[in-house]
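The lines below spell out each chain.
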Amino acid sequence: MRVFIAGATGAVGSRLVPLLVAAGHEVVGTSRRRNRLADIEADGATGVVMDALDAASVRATVLEARPDVLVHELTGLSAMEGDVKHFDEEFAATNALRTLGTDHLLAAAREAGVGRFIAQSYTGWPNERTGGPVKTEEDPLDPAPTAASRQSIAAIRHVEQATTDAAGLVLRYGNLYGPGNAIGRGGAMLEMVRARKLPLVGAGTGVWSFVHVDDAASATALAVTRGAPGLYNVVDDDPAPVSEWLPELARISGARPPLHVPALVARALIGEHGVSMMTEIRGSSNAKAKRELGWELRHPSWREGFRTGLD
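Residues numbered from 1 in each chain as written. Predicted model: local features only at pLDDT ≥ 70, side-chain atom pairs only at ≥ 80, totals over all residues. Heavy atoms only, no water.

Engineer: Please provide a residue-by-residue account of the overall build of the chain, values included.
Structural biologist: Counting its secondary structure elements, the chain contains 12 helices and 15 strands. If you line up the chain on its principal axes, its C-alpha atoms span 55 × 35 × 35 Å. A buried classification covers 54% of the 311 residues belonging to the chain. For the chain, restricting intrachain contacts to residue pairs at least 6 apart in sequence, the fraction spanning at least 24 positions comes to 78%. Charge separation in the chain, taken as the distance between the mean sites of 32 positive and 37 negative side-chain charges, equals 3 Å. (Helix = DSSP H or I, 4+ residues; strand = E, 2+ residues; numbered from the N terminus. Buried < 20%, exposed > 50% of the residue type's maximum accessible area, 1.4 Å probe, protein only. Contact = heavy atoms within 4.5 Å. Lys, Arg positive; Asp, Glu negative; His and termini not counted. Charge placed at Lys NZ, Arg CZ, Asp CG, Glu CD.)

Engineer: Would you mind going over helix α6 (residues 150-165) in detail, with residue names and values included?
Structural biologist: For α6, which comprises 16 residues, the first-to-last C-alpha distance of 22 Å matches the rise-based estimate of 22 Å (1.5 Å per residue) to within 8%. Of all the residues in α6, the buried ones are Ser152, Ile153, Ala155, Ile156, Val159, Glu160, Ala162 and Thr163. Of the surrounding secondary structure, the elements contacted by the buried residues of α6 are β4 (69-72), α4 (87-90), α5 (92-112), β5 (116-122), β7 (169-173) and β12 (230-234). Alanine 167 lies just past α6 and shows a positive phi near 60 degrees. (Expected span 1.5 Å × (residues − 1).)

Engineer: Could you give me a rundown of the environment of valine 207, with the residues and numbers involved?
Structural biologist: Looking at the element boundaries, valine 207 is found in strand β10 (residues 207-208). For valine 207, a relative accessible area of 9% gives the class buried. Each C-alpha atom of the pair valine 207 and leucine 310 lies 21 Å from the other, and the pair is 103 residues apart in sequence. Once residues within four sequence positions are removed from consideration, valine 207 is found in contact with Pro133, Pro239, Ala240, Pro241, Ile281, Arg282 and Gly283.

Engineer: So what's going on with the packing of helix α3 (residues 55-65) against α5? Residues and values would help.
Structural biologist: For the pair α3 and α5, interaxial distance at closest approach is 9 Å and the crossing angle is 35 degrees. Helix-helix and strand crossings are classified by hand; for α3 and α5 the assignment is right-handed. Contacts between α3 and α5 involve Ala55, Val58, Arg59, Val62 and Leu63 from the first element and His104, Leu105, Ala108, Ala109, Glu111 and Ala112 from the second. Its residues placed into classes, the contact of α3 with α5 shows 8 nonpolar, 1 polar and 2 charged. (Axes fitted to C-alpha atoms, helices over the stretch in contact; angles between N-to-C directions. Left-handed = near helix turned anticlockwise from the far one by under 90°. Nonpolar A, V, L, I, M, F, W, Y, C, P; charged D, E, K, R; others polar.)

Engineer: Provide a residue-level description of the packing of aromatic side chains, including the pertinent values.
Structural biologist: Within the structure shown, the criterion is met by 11 aromatic pairs. An angle of 50 degrees between the planes, with centres 4.7 Å apart, marks the rings of tryptophan 208 and tryptophan 245 as tilted. Of the two residues, tryptophan 208 sits in strand β10 while tryptophan 245 sits in helix α9 (residues 242-252), which places them 37 residues apart along the sequence. You'll find tryptophan 208 and tryptophan 245 in the same group, each marked buried. Here a set of aromatic residues connected by ring pairs shows up, and it is made of Tyr177, Trp208, Phe210, Trp245, Trp302 and Phe306. Cation over ring: lysine 288 sits above tyrosine 232, and NZ or CZ is 4.6 Å from the ring centre. (Phe/Tyr/Trp six-rings, centres within 6.5 Å; stacked < 30°, edge-to-face > 60°. Lys NZ or Arg CZ within 6 Å of the ring centre and 35° of its normal.)

Engineer: Tell me what's going on with the nonpolar core, and back it up with residues and numbers.
Structural biologist: Counting 33 residues, the largest nonpolar core has Trp125, Ile183, Trp208, Phe210, Trp245 and Leu249 as its most contacted members. When residues of this core are traced back to their parent elements, those giving at least two are α6, α7 (188-194), β9 (200-201), α9, α10 (263-279) and α12 (302-308). Take this core: its biggest share by element is 5 residues, from α9. Among residues more than four places away in sequence, those in contact with tryptophan 245 are Met189, Trp208, Phe210, Ala240, Trp302 and Phe306. Counting 32 residues, the second-largest nonpolar core is a separate cluster that includes Ile118, Val213, Ala223 and Ala289. (Core = buried A, V, L, I, M, F, W, Y, C linked by side-chain atoms within 4.5 Å.)

Quick look at the structure:
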């Protein structure tokens, strides 16, 4: 089939392009910057420049490509600085792509007669922070998010609702790790752990779900041809509290154990949302994605994945 990837040079998009080319699909991938088109074309795809926040640019690019499948992988994560205290400001670029960008892509897809629409979302902190430690796609998003994350969760609600209303598939990636990510060689979060600048807050009871970037890409490649419309959590088999994964990441990376900071002290440094991520959030179940997409993980647990997947 002819597959259009909006955001083909991002963390997942750049790993997805060669998978789809190898599967025999004709791939068109976009970048905001012309100097990144060579990266797309080196993997056997056609690279095109597109501004996702410009409706005319999106319309012209999608109509010219006339794809069978459109995959929305657009984020602004590369510009983030790790300021969880001002969470919505950090995610402003991504929030715009999840709202305006999604609307532009869906409008162009309808006009071009695209048969299948897939959009990336995120699972983890948006989960409801009550009840059990692991949530499924049937569980609601947090009805009372922290003040610093309200715009970001609204943008997540938008991309998910707009996509499912259009009979599309939403892939909710967990916390990505591996090459090109914050937890990966040279990544900002890994460097913070090595410098002991990422402390264990309170009892570290916030539950995180991870996924290696290559596993996220493989799930997305499967979704091009498999799966009914709806939501899919794309995470590994091993949701874990911060008290488990953070010391282990420090050990694997050769760092000393993380410092321990009481939640009240941490609130002044990382804000309500940062404390929530460390002490309150819930993880996610991947049972639906494994069952309905036929997805098999190369890295079923971050415990093994952190050891082998950071290079």
